[in-house]
Amino acid sequence: MGAAMRRIHVGNALSAFGLGFTVPYLYVYVAQVRGLGAMTAGLVLAVFAVAALVVLPFAGRAIVRRGPLPVLLAALVTAALGALSLGIASSAAAVLGSASLLGAGQAVMQPALATVIVDCSSAETRSRAFAMQFFLQNLGLGVGGLIGGHLVDTSSAASFTLLFAIEAAMFLLLVVVMATVRTPHAPRIEGAPVASGRGGWKQLLGNRAMVQLCVLGFVLFFACYGQFESGLSAYGVEAAGISTSALGTALAANTLMIVVAQFAVLRFVERRRRSRVIAAVGLIWAVAWAVAGYAGLGHGSQEMATAAFVSTYALFGLGEAMLSPTVAPLVADLAPEGMVGQYNSAFALVKQLALAVGPAVGGPLGASLHAPYIVAFLLFSLGITFLAVLLGRQLTDVQDQPWLAKSRVLARGGAPVSADV
């Protein structure tokens, strides 16, 4: 890791740490502490998704034209303002306006930061860089949530103001860190597409492999992340009789699996075809849904049901650890020269769509139609495997097996490109 990448990872960990202070308690803060009711709290969560969907189509063009770093700094300042204002907002209008700022800033941060990571890495180090990013995000969220839980007091609005102030401070600290980063221009891998004179979105839609990856990404996020705190948790409570404390344990098991397994998994996936790694994730998640089916539809003891439900979240975490060094680098390698920001924004937009649709579909289904819910999402997981196999046929050898780029350079008597800056 070069100096720039180290700064990026430190800043990424700090921002995730700040988010962890507020994300688990946002609903309680709006509905109970500010006394605005469940409907307003639900609207706040919806505003985050809507803000992301509004700004992401423009974020890619801004990153391409202005560069990822200025866009990232602007997004961080916007998110900091949103967090600060949310901590002192007392009316519904103020809360919703603050949430829109925070949601827009967070949404643009994703593709901008991903593009900075691409620019500060090479083809052979990119998977490890994104794995480190994902590891630090989950570690930061977990630690932040743990500390925030000890600071928060539902009888005191001031305690929540403190949490949002800490979140804003972490965003601003990341501004300071990122302002010192010098971003080189990342070398392209062999076989990467070449930019044309056509418009960014038109060219992207003409890239068949990228379109297939976006479809696959939608199913990935819809069938996993879109169910964590909606359909799957509702299913666990209603069908499996899972207590709220056990649900918290399941979420902790998911984070723990990612933190513990990330780099062991990375050593396994680095020399495998990316399409086959994604296909394997579909199979693992199919097993996870089958285990969830046993938890809610089986006839074992409550202890067995709880253990199975916790195992479901742990299996999802294993799949997430496999995806983090696989999907984001693949998006970068599919992008033509100078278009990485556009492609990252498009994929982030697909993710936000899945996260908006997933809870809306999965929540009611998981709460009331237990067997159809499990069967449907087990099939979605198998669909991930099928779509990954199809995607593999559209990828070049180097896109699917990035280590070949280094091997071919060495075979020609050259030296591999270093990620140090």
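Residues numbered from 1 in each chain as written. Predicted model: local features only at pLDDT ≥ 70, side-chain atom pairs only at ≥ 80, totals over all residues. Heavy atoms only, no water.

**Q** So what's going on with the overall build of the chain? Which residues, and what values?
**A** Check the secondary structure of the chain and you find 18 helices and 0 strands. Computed over C-alpha atoms, the radius of gyration of the chain comes to 21 Å, within 12% of the 22 Å expected from 2.2 N^0.38 for 421 residues, which places it in the range of a compact globule. Summarising its shape, the C-alpha atoms of the chain cover approximately 65 × 50 × 35 Å along the three principal directions. Expressed as a percentage of the 421 residues in the chain, the buried residues total 52%. Counted over contacts in the chain with a minimum sequence separation of 6, partners at least 24 positions apart contribute 85%. (Helix = DSSP H or I, 4+ residues; strand = E, 2+ residues; numbered from the N terminus. Rg over C-alpha atoms; globule rule 2.2 N^0.38 Å. Buried < 20%, exposed > 50% of the residue type's maximum accessible area, 1.4 Å probe, protein only. Contact = heavy atoms within 4.5 Å.)

**Q** Quick one: what's the story with the pattern of salt bridges, residue by residue and with numbers?
**A** Taken as a whole and assessed by the stated rule, the structure comprises 4 salt bridges. Two residues, Asp400 and Arg273, come together in a salt bridge whose shortest N-O distance is 3.3 Å. Taken together, the residues Asp400 in helix α17 (residues 397–400) and Arg273 in the loop between α11 (244–269) and α12 (274–297) connect sequence positions 127 residues apart. For Arg273, a relative accessible area of 26% gives the class partly exposed. Each of the salt bridges in this network shares a partner with another, and the network as a whole consists of Arg126, Arg274 and Asp333. (Salt bridge = Lys/Arg side-chain N within 4 Å of Asp/Glu carboxyl O.)

**Q** Explain the confidence of the model for the chain residue by residue, including any values.
**A** Counting all residues, the mean pLDDT for the chain is 82, and 90% of those residues have values of 70 or more. For the stretch residues 186–192, pLDDT sits under 50, and the model shows 25 contacts to residues farther than four places along the chain or on other chains. For the stretch residues 194–198, pLDDT sits under 50, and the model shows 7 contacts to residues farther than four places along the chain or on other chains. (pLDDT = per-residue confidence, 0-100.)

**Q** Please provide a residue-by-residue account of the packing of aromatic side chains, values included.
**A** Scanning the model with the defined rule gives 16 aromatic pairs in all. Seen from their ring centres, Phe221 and Phe347 are 6.0 Å apart, and the 65° between their planes marks the pair as edge-to-face. Taken together, the residues Phe221 in helix α9 (residues 208–223) and Phe347 in helix α15 (residues 340–368) connect sequence positions 126 residues apart. Take Phe221 and Phe347: they sit in the same class, and that class is buried. (Phe/Tyr/Trp six-rings, centres within 6.5 Å; stacked < 30°, edge-to-face > 60°.)

**Q** Give me the lowdown on the packing of helix α2 (residues 26–33) against helix α3 (residues 37–66), citing residues and values where you can.
**A** Running from N to C, α2 and α3 point in directions that differ by 145°, and their axes come no closer than 8 Å. Seen from above, α2 lies across α3 with right-handed handedness. Along the contact surface, α2 presents Leu26, Tyr27, Val30 and Ala31, while α3 presents Gly37, Ala38, Thr40, Ala41, Gly42, Val44, Leu45 and Phe48. When its residues are assigned to classes, the contact of α2 with α3 shows 9 nonpolar, 3 polar and no charged. (Axes fitted to C-alpha atoms, helices over the stretch in contact; angles between N-to-C directions. Left-handed = near helix turned anticlockwise from the far one by under 90°. Nonpolar A, V, L, I, M, F, W, Y, C, P; charged D, E, K, R; others polar.)

**Q** Explain the side chain of Ser127 to me, and be specific about the residues and the numbers.
**A** Along the polypeptide, Ser127 turns up in helix α6 (residues 126–151). Given a relative accessible area of 11%, Ser127 falls into the buried group. In this view, Ser127 contacts Leu266, Arg274, Pro325 and Pro329; residues no more than four positions away in its chain are not counted.

**Q** With reference to specific residues and values, describe α9.
**A** It helps to recall that an α-helix has 3.6 residues per turn; residues three or four apart then point in one direction. With 16 residues, α9 extends 23 Å from end C-alpha to end C-alpha; this agrees with the ideal 22 Å at 1.5 Å per step. Considered for burial, the residues of α9 that qualify are Ala209, Met210, Leu213, Cys214, Leu216, Gly217, Val219, Leu220, Phe221, Phe222 and Ala223. (Expected span 1.5 Å × (residues − 1).)

**Q** Explain helix α16 (residues 370–392) residue by residue, including any values.
**A** Look at α16: 34 Å from first C-alpha to last across 23 residues, which is about the 33 Å you get at 1.5 Å a residue. Check the buried side of α16 and you find it contacts α9, α10 (231–238), α12, α14 (327–334), α15 and α17.

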